[in-house]
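Chain residues, written in single-letter form:
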Amino acid sequence: MRFSSWIAVIAFGVPALVADAQLVESRVPMGRTRAELEAGAARADSAHRDEEAARIRLRLRNGDFEVGDRVIVTLEGATAQRSDTLTVQADRVLRLDQPVGDLNLKGVLRSELPDSVQGRVSRFLKNVVVHVVPLVRISISGAVRAPGFYYVRADLPLSDVIMRNGGPDQSSDLGST
């Protein structure tokens, strides 16, 4: 049997905490900006690709986050040193620690996540550096030892994901990977 692990990108990140001082953006590309998507919808309209334009506008209205999406958030500062993986809850809400409270992600794009989190947290915390790393949920299947769904950084090589989860099984044909 050939080593054929296929990946299905199902969901993307969730936000985390930020503060007034400095936001350190994720090394993971956060996706297209609102302006790029609006321009794409206009091009689709001009070319009479109505279905494509409608999909883009739906994404702009609803945002990129769904219930169950995850994001690693790390706060670094004199009064805060913590890292946590946060999960988008019902109604697309990200539950941040008190006193920050909940962040509504309806209409928030991946590219807007760092600024959205920073805006919310900076009202409560000062002089904190925040790292926001959205995770991607993937499915690994085929001739692998540990098939299943995993949350990983989008910039992590697939070979590393497979090896961290048991590696290829004995029937894998690595030359065909």
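Structural data are supplied above this passage.
I will try to describe carefully the structure that is included in this document. All values reported here derive from a predicted model rather than from experimental measurement.

1. Quick notes on the overall build of the protein chain
Move 1: Broken down by element type, the protein chain carries four helices and eight strands.
Move 2: The N-to-C order of helical and strand elements in the protein chain reads β-β-α-α-β-β-β-β-α-β-β-α.
Move 3: Taking all 177 residues of the protein chain together, the buried fraction comes to 42%.
Move 4: Sequence-distant contacts, at least 24 apart, represent 66% of the contacts inside the protein chain between residues at least 6 apart.

2. Side note on helix α3 (residues 113-121)
Side chains that are three or four residues apart share a direction in an α-helix, a result of its 3.6 residues per turn.
Move 1: Taken as a whole, α3 has its buried residues at Leu113, Pro114, Val117, Gln118 and Val121. Across the axial projection of α3, the buried residues extend over an arc of 125°, all falling on one side.

3. Notes on helix α1 (residues 34-46)
Move 1: When the terminal C-alpha atoms of α1 are compared, their 18 Å separation across 13 residues agrees well with the 18 Å that a helix rising 1.5 Å per residue should span.
Move 2: Along α1, the residues classified as buried are Leu37, Gly40, Ala41 and Ala44. Projected down its long axis, α1 shows its buried positions confined to an angular sector of 100°, all on one face. Pointing more than 90 degrees away from the buried face of α1 are the exposed residues Ala35 and Ser46.
Move 3: Looking at the buried residues of α1, the elements they touch are α2 (50-62).
Move 4: Directly beyond the C-terminal end of α1, a positive phi value near 60° is found at His48.

4. Thoughts on the nonpolar core
Move 1: Core analysis: the biggest nonpolar cluster contains 19 residues, and Leu96, Leu105 and Leu113 have the highest contact counts within it.
Move 2: When contributions to this core are tallied by element, the ones reaching two or more residues are β3 (70-77), β4 (81-89), α3 and β7 (128-140).

5. Focus on the environment of Ser172
Move 1: Checked against the element boundaries, Ser172 lands in the segment after α4 (158-164).
Move 2: Judged by its relative accessible area of 16%, Ser172 is buried.
Move 3: Each C-alpha atom, one on Ser172 and one on Val144, is 7.4 Å from the other, the two residues being 28 residues apart in sequence.

6. A look at the pattern of salt bridges
Move 1: All chains considered together, the criterion is met by ten salt bridges.
Move 2: Across the pair Arg57 and Asp45 runs a salt bridge, and its minimum N-O distance is 2.6 Å. With Arg57 in helix α2 and Asp45 in helix α1, this residue pair connects regions lying twelve residues apart in the sequence.
Move 3: One salt bridge connects Arg49 with Glu52, and the closest N-O pair in it is separated by 2.6 Å.
Move 4: What makes Glu52 partly exposed here is its relative accessible area of 27%.
Move 5: Taken together, the shared-partner salt bridges connect Arg59, Asp64 and Arg110 into one network.

7. Looking at the packing of α1 against α2
Helices that pack against each other are described as a pair by the angle of their axes relative to one another and the distance between those axes.
Move 1: One can describe the packing of α1 onto α2 by two numbers: an axis separation of 8 Å at closest approach and a directional angle of 155°. On the basis of the axis angle, α1 is roughly antiparallel to α2. Crossing angle aside, the handedness with which α1 passes α2 is left-handed. In this structure, α1 uses Arg34, Leu37, Glu38, Gly40, Ala41, Ala42, Ala44 and Asp45 to contact α2, whose residues at the interface are Glu52, Ala53, Ile56, Arg57, Arg59 and Leu60.

Calculation rules
Residues numbered from 1 in each chain as written. Predicted model: local features only at pLDDT ≥ 70, side-chain atom pairs only at ≥ 80, totals over all residues. Heavy atoms only, no water. Helix = DSSP H or I, 4+ residues; strand = E, 2+ residues; numbered from the N terminus. Buried < 20%, exposed > 50% of the residue type's maximum accessible area, 1.4 Å probe, protein only. Contact = heavy atoms within 4.5 Å. Arc of directions from axis to C-beta. Expected span 1.5 Å × (residues − 1). Core = buried A, V, L, I, M, F, W, Y, C linked by side-chain atoms within 4.5 Å. Salt bridge = Lys/Arg side-chain N within 4 Å of Asp/Glu carboxyl O. Axes fitted to C-alpha atoms, helices over the stretch in contact; angles between N-to-C directions. Parallel < 35°, antiparallel > 145°, perpendicular 65-115°, else oblique. Left-handed = near helix turned anticlockwise from the far one by under 90°.

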